[in-house]
Each structure stands twice: as structure tokens, then as C-alpha cells.
Amino acid sequence: MFRIPYGRQEVTDGDIAAVVEVMRSNWLTQGPAVPLFESRLASYVGAQFAVATNSATSALHVACVALGLSAGKRLWTVPNTFVASANCGRYCGAEVGFVDIDPDTYCLDPVALRMKLLSAQAAGTLPDVVVAVDFAGQPCDLDALLELKNEFGFRLIEDASHAVGASYGVHRVGAVPGVDVTIFSFHPVKIITSGEGGMLVTNDAELAATAQRLRTHGIQRPGDPLLDCTQGAWYYEQQTLGWNYRMIDLEAALGESQLRRIDHILARRRALAERYVELLRDLPVTLPHQRSGRLSSYHLYPVLFSDAAKRRKVFDGMRAAGIGVQVHYMPVHLQPYYRARGNDVGDFPVAENYSSRTLSLPLFPTLTDDEQVEVVDTMRGLLK
Ligand SMILES: *Cc1c(COP(=O)(O)O)cnc(C)c1O
């Protein structure tokens, strides 16, 4: 464990009290806490439906199944993400392809996407689902992606695991019209936490109902149409194959308690990000670029060095000094699993170049001003 990690949860006495209250109640799981967290998160982002799961990974899987992804179909995503954004396609037996990133935002590049779509159209291999990632908390280029969605007919999943509380224009992430499903993660390093946990958010009632069945073994919910309506109250019906991907009440109570102070959490993250701009002014690093009209939730603070050797030197030196810097991300297409499926070095040069030079600096709500100065001073010493 590093003295100053790159990310860390903040758990208050209020959070602990909320979890203890559930422990003393009649339900550890499937009581009132999960639906409460779902409705609070849906109204916070301005979406109609929210379906809680035991991780964002399972929410991504459920979203893909609900959107009809299956063997023989195709999912595309970016190399600059956590492996889960790609793996959800493989869980469905679909082929996973990648699209390079924009060199300024490190998110999916709509120009690269258009080029790949045009050649896929000619080859008859258009994707069924595109997973766009709001990298580091900055919403991706949704206007451009939605235009391409209309032109080429794929479904769009916004992997907003980094971006609870971010905004795109007048909308909070999760409520941008045209996006089919948005996914949030509540892993402890993310913006708010439920321990482990995720949420699938949508304005599509049918999709939400399907997701609810899929996270509970594929069993029909109360009120869903049954094939046999003559049975007693013991009766339930499984019409499709699902999983046990449920969030439990203990987790939901923690998540809902954290959501109550999300404005404070986001304000502190944004203040720290602004301070980094000042503190790093005289250092030879490229700072993350925010496009206008987008409000990042600042999950990560990735800086770029001039070359891979400098990044390595600073990474090793910072870690030796107890500062847990990290690399987000190693390109997913270069993971052995995806190399074995036809990807190679050089396929996505922007993401590969970015990945070889990037370093995420500590950024979390309880990082103190003094610790932040120490992070920058340590880096300054290593760059001399
Ligand atoms: C963390 C993360 C996930 C997976 O979240 P879990 O809740 O840990 O399953 C998926 N996609 C991205 C971009 C992430 O950062």
C-alpha cells in the first residue's frame, strides 16, 4: 500500500452508520436499499431507469445481452480502457474490434471510427455495438458518435465508469439523448463507491426490464407476463438465461450514502485538478485537455512525458518515494488474450504512443494540498 495512492475511497461516519443500519435490518440483500440507490442515482443523472449490479463489468455484460449482442456479431471499443469494456463483447461470443483514440482527449476518435465504419460497410462487417469510454471522467465526443450511430445503425453503450457526475452540454452523463445505455462503476477508486458495484442507466423501459431479469437469473419480475398464469404464489418463471449479478443492500446503502455528498466529492476533485494546472506549470509534461461544453468528474489526472524512458524513470522514482502513481491504460488490444485474437503492435498508434508516455498522478477527495505539493515536488526532482 502506498503512502499516497493514485486513488482512494473516502468513507465517512455517515456511510458507516448507513451500512450498520442495513446490517441490523431484516434484509442484507434485496430489501429497500437497492431500489432506493437506483432511484436516487437515476434522478441525480436525470435518467428514467437505473438497474444496479454487483459490478460495472456485469452491467456491461447485461447491457450487451440486452442490446442483442451474440456470437457472430461485433462490438468495437477503444484500446485506452480497462479490459472490461472489451471483455463484455467476448462474454456474448461476439468479435471484439478496436478504434483508435483522439490525441487530445484520449477518448474514442470519431474520425477514426468513421474510417473504420466505411471500410466495414464495404466488407459487410459493421459493428452491432460500440462501447465509448468517458476516459478519466471527461465525456467522449457524443455528438459526433451519435451522428455515426444514426448513419451506420449500431447501438451505443457509454462506459461512464469514470464519469459519475460529469456533464455533456446541458445533460449529466447518463441522460444524454441518443445514448442507448450508460454504465457506472462504484469500485473504491472510482468517484463514489459501494465496495463493488455498478449501475446501468437508460431511458428505454424495455431495455431496463430486460436488464433487471438478466441480473436475476433471467427470472420474470413480479408483473411480467408468464407463460403459465394458473399457478399459486410460489410460482416463478425463467424464460431466458441470466446470472446472479445483483447488488446487495449493504453495498447499496454505502453507495446511496456516498451519492448524497457527490457534489462535495466532485468539487474537491475539480479543485485538485485546477491546482495541478498551477503546480505543474513549469514542468515538461502535457496536461489533460478538457474540451469546452464538457465537465469532467476528474477520476484520473493523466500527464504525458516526452518519451517512455522519462515516464519509466518518474514512475519508478515516485513509487520508491511511496507515491502510488499508475498507468491508465496499457492498450487492451496488446493484452495477450487480444493479441491471440489478431491484434498487434502498431494497430492503434495513437493509443500505443499515449500509453507509453502517460502517468496518472494521485487524485482523490482526501488528498491534502500538502500531499499534492509533495507529489509535484517529487516529480520535479526526478525530472531534473
Ligand atoms: C473500473 C472500470 C470498469 C469495471 O468496473 P468494475 O465495477 O470494477 O467492474 C469498466 N470500465 C472502465 C472504463 C473502468 O474504469
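Parameters and conventions
Residues numbered from 1 in each chain as written. Predicted model: local features only at pLDDT ≥ 70, side-chain atom pairs only at ≥ 80, totals over all residues. Heavy atoms only, no water. Pairing = 2+ DSSP bridges. Helix = DSSP H or I, 4+ residues; strand = E, 2+ residues; numbered from the N terminus. Axes fitted to C-alpha atoms, helices over the stretch in contact; angles between N-to-C directions. Contact = heavy atoms within 4.5 Å. Buried < 20%, exposed > 50% of the residue type's maximum accessible area, 1.4 Å probe, protein only. Core = buried A, V, L, I, M, F, W, Y, C linked by side-chain atoms within 4.5 Å. Salt bridge = Lys/Arg side-chain N within 4 Å of Asp/Glu carboxyl O. Right-handed = clockwise from strand over helix to strand, strands pointing away.

In this section: the sheet that holds strand β10 (residues 198-202). One open sheet accounts for seven strands, arranged β2-β10-β9-β6-β5-β3-β4; its pairing is mixed. One side of each edge strand has no neighbouring strand; the edge strands of this open sheet are β2 (49-53) and β4 (95-98). The mean angle between the axes of side-by-side strands here comes to 20°, regardless of whether they run parallel or antiparallel. On the sheet, helix α4 (residues 84-91) packs against β3 (74-77), β4, β5 (129-133) and β6 (155-159) and is oriented at approximately 175° with respect to β3. Of the strands in this sheet, β2, β6, β9 (181-185) and β10 are in contact with helix α7 (residues 205-215), which crosses β2 at around 15°.

At the junction of His 328 and Tyr 329, the peptide bond is cis and its omega measures out at 0° in the coordinates. Tracing the backbone through its elements, the reader meets Tyr 329 in the loop between β13 (323-324) and α11 (336-339). Not every positive phi belongs to a glycine, and Ala 136 is a case in point at roughly 65°. Among the secondary structure elements, Ala 136 is positioned in the loop between β5 and α6 (142-152). Among the residues examined, Ala 136 registers a relative accessible area of 9% and is labelled buried. Here the phi dihedral of Tyr 298 falls at roughly 50°; this positive angle occurs in a residue that is not glycine. Tracing the sequence through the fold places Tyr 298 in the loop between β11 (294-295) and β12 (301-304).

Take the nonpolar core next. Among the nonpolar cores identified, the biggest contains 64 residues, and Leu 113, Leu 156, Ile 157, Ile 183 and Leu 200 are the most heavily contacted of them. If one sorts the elements of this core by residue count, helix α3 (residues 56-66) sits on top with six residues. Among residues more than four places away in sequence, those in contact with Leu 156 are Val 130, Ala 132, Leu 142, Leu 145, Leu 146, Lys 149, Val 179, Asp 180 and Val 181. With 31 residues, the next largest nonpolar core counts Ala 33, Ile 191, Met 199 and Leu 250 among its residues.

For the rest of this paragraph, the subject is the pattern of salt bridges. Considering all chains together, one arrives at 21 salt bridges under this definition. Residue Arg 114 pairs with Glu 151 through a salt bridge whose shortest N-O separation is 2.7 Å. Residue Arg 114 is found in helix α5 (residues 110-123), and its partner Glu 151 is found in helix α6; the two are separated by 37 residues along the sequence. Judged by relative accessible area, which is 45%, Glu 151 ranks as partly exposed. With a shortest N-O distance of 2.9 Å, Asp 224 and Arg 213 are connected by a salt bridge. Taken as a pair, Asp 224 in the loop between α7 and α8 (249-259) and Arg 213 in helix α7 lie far apart in primary sequence, 11 residues in all. The class for Asp 224 is buried, based on a relative accessible area of 9%. Connected through shared salt-bridge partners, Asp 102, Asp 104, Asp 141, Arg 291 and Arg 294 make up one network.

The subject of this paragraph is the pairing of β10. Within β10, five of the five residues are buried, leaving the element largely enclosed by the surrounding structure. Judged by which residues are buried, β10 turns out to be covered on both faces: Gly 198, Leu 200 and Thr 202 on one side and Met 199 and Val 201 on the other are all buried. Examined bridge by bridge, β2 and β10 share five bridges and lie antiparallel to one another. Across the sheet, the residue bridging to Ala 52 is Met 199, located in β10. By the bridge criterion, four bridges tie β9 to β10 in an arrangement that is antiparallel. Within the sheet, the bridge partner assigned to Thr 182 lies in β10 and is Val 201.

In this section: the pairing of β5. Residues in a regular strand project their side chains so that they alternate between the two faces of the sheet. Counting buried positions along β5 gives five out of five residues, so the element sits mostly inside the fold. Burial of β5 is two-sided: the residues Val 129, Val 131 and Val 133 facing one way and the residues Val 130 and Ala 132 facing the other way are all buried. Pairing of β3 with β5 involves two bridges; the strand directions are parallel. Among the inter-strand pairings, Trp 76 is bridged to a residue of β5, identified as Val 130. Across five bridges, the pairing between β5 and β6 is parallel. Within the sheet, the bridge partner assigned to Ala 132 lies in β6 and is Glu 158. Handedness of the crossover joining β5 and β6 through α6: right-handed.

Worth remembering: the numbers are spatial, not functional.
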